[in-house]
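If you want the building blocks of each chain, they are given just below.
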Amino acid sequence: MMPRLSLCILAVLTLLPFGTFHAQGSESRDAYVSSNLLAALYHGLGHALIDTMELAPGFEVERRAAELSVLLVDRFYEERAAADMALDTAFGFSERYEARQQAVRPSPYWHAHGTGLERYYDLLCLFAGGNLVERSDLVLSLGLFASRLPGCPDEFTAAIAEWSPVLSRMEDLHLAGRGHPLVIESRAELPGAQRDVLAFEIQALNTIMRLPRPFGVIVDRCYEANIHWLPEQREIIVCVEYVTYLYETAMSR
Ligand SMILES: [Zn+2]
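This write-up is about the structure you can find in this document.

### Things to note about the nonpolar core
Consideration 1: Leu-37, Leu-124 and Val-238 are the most contacted members of the largest nonpolar core, which totals 69 residues.
Consideration 2: No other element matches the 13 residues that helix H2 (residues 25-52) contributes to this core.
Consideration 3: Residues within four places of Leu-124 in sequence aside, it is in contact with Val-139, Leu-142 and Leu-144.

### Examining the pairing of strand E3 (residues 227-230)
Consideration 1: Relative to strand E4 (residues 235-239), E3 is paired through four bridges, and the arrangement is antiparallel. Paired with Trp-229 across the bridge in E4 is Ile-236.
Consideration 2: What sits between the antiparallel neighbours E3 and E4 is a turn of four residues, in which Arg-234 has the positive phi angle 55°.

### Structural notes on the packing of helix H7 (residues 117-129) against helix H9 (residues 152-175)
Consideration 1: Where H7 contacts H9, the two axes come as close as 7 Å, and the packing angle between them is 90°. Comparing their axes, H9 and H7 come out roughly perpendicular. Residues Cys-125, Leu-126, Ala-128 and Gly-129 of H7 form the contact with H9, whose participating residues are Cys-152, Pro-153, Glu-155, Phe-156 and Ala-159.
Consideration 2: Within the contact of H7 with H9, the residues separate by chemical class into seven nonpolar, one polar and one charged.

### Describing the pairing of E4
Consideration 1: With four of five residues buried, E4 lies mostly within the body of the structure.
Consideration 2: The pairing of strand E2 (residues 216-220) with E4 spans five bridges and is parallel. Bridge pairing links Val-217 to Ile-236 in E4.

### A short note on the environment of Asn-226
Consideration 1: Within the secondary structure, Asn-226 sits in the loop between E2 and E3.
Consideration 2: Residues Asn-226 and Tyr-245 lie 19 residues apart in sequence; the distance between their C-alpha atoms is 9.2 Å.

Here is what the cut-offs are and how they apply
- Residues numbered from 1 in each chain as written.
- Predicted model: local features only at pLDDT ≥ 70, side-chain atom pairs only at ≥ 80, totals over all residues.
- Core = buried A, V, L, I, M, F, W, Y, C linked by C-beta atoms within 7 Å.
- Buried ≥ 20, exposed ≤ 12 C-beta atoms within 10 Å, placed from the backbone.
- Helix = DSSP H or I, 4+ residues; strand = E, 2+ residues; numbered from the N terminus.
- Contact = placed C-beta atoms within 7 Å.
- Pairing = 2+ DSSP bridges.
- Axes fitted to C-alpha atoms, helices over the stretch in contact; angles between N-to-C directions.
- Parallel < 35°, antiparallel > 145°, perpendicular 65-115°, else oblique.
- Nonpolar A, V, L, I, M, F, W, Y, C, P; charged D, E, K, R; others polar.

Treat this as a map of the structure, not an account of what it does.
Below you can see the structure in the form of structure tokens.
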């Protein structure tokens with residue numbers, strides 16, 4: 001088994017807003033929206049890193065971006081918060097998981113990045129592989145076949161082996177005082193406190209890592225419910241409409 005990443009997890013856990021709330025009513029809705037927003041941010045981060053660091057051929061991009069979002073949750077979240085995140089987001093799955101609103105009325109984000117059934121099981125297995133003892137029941141309840149569980153730690157190890165050099169390099173840049181912080185620019189208002197959630201998360205990431213090549217996160221109106229990576233501008237665009245959509249789906253859960 002490979003050693004886990006050496007990122008300064010404790011520093012991040014003290015900054016992340018999760019684990020402190022998963023309550024009822026409006027707080028529960030806020031938590032649901034935050035989970036999905038941050039999962040989408042991590043996915044966007046995966047695309048941005050893959051692109052700016054030329055990490056993967058085209059057919060591998062979606063798989064690796066999805067893997068990074070699961071690995072970041074595994075690394076940065078306390079166990080209960082990680083489980084909440086998995087339940088709230090279903091790892092972007094939207095094709096057959098009918099309990100979720102995304103399956104009924106998927107947004108452009110889900111169309112672009114939502115996982116197919118096969119990858120959904122892959123991501124469940126990946127998540128389980130990070131902590132088989134704590135997560136087996138959860139992933140079985142989400143549909144993973146029990147026969148697959150024993151192989152999940154190896155799948156987790158393989159994904160870590162792919163992303164570990166990238167994350168370690170970013171951590172080294174931070175320690176050396178080099179590289180670029182992830183910056184956020186708001187060109188439009190996000191509903192609820194989600195702008196603060198986003199800014200807080202980016203601040204937390206900046207306490208442990210720096211980007212080898214600069215890119216930013218832009219909050220803007222897009223006239224569709226999506227989060228894009230724009231390679232030419234080097235920007236992850238968080239559409240206000242996507243967050244509004246998440247609140248709508250949260251209301252009808
Ligand atoms: Zn994607």
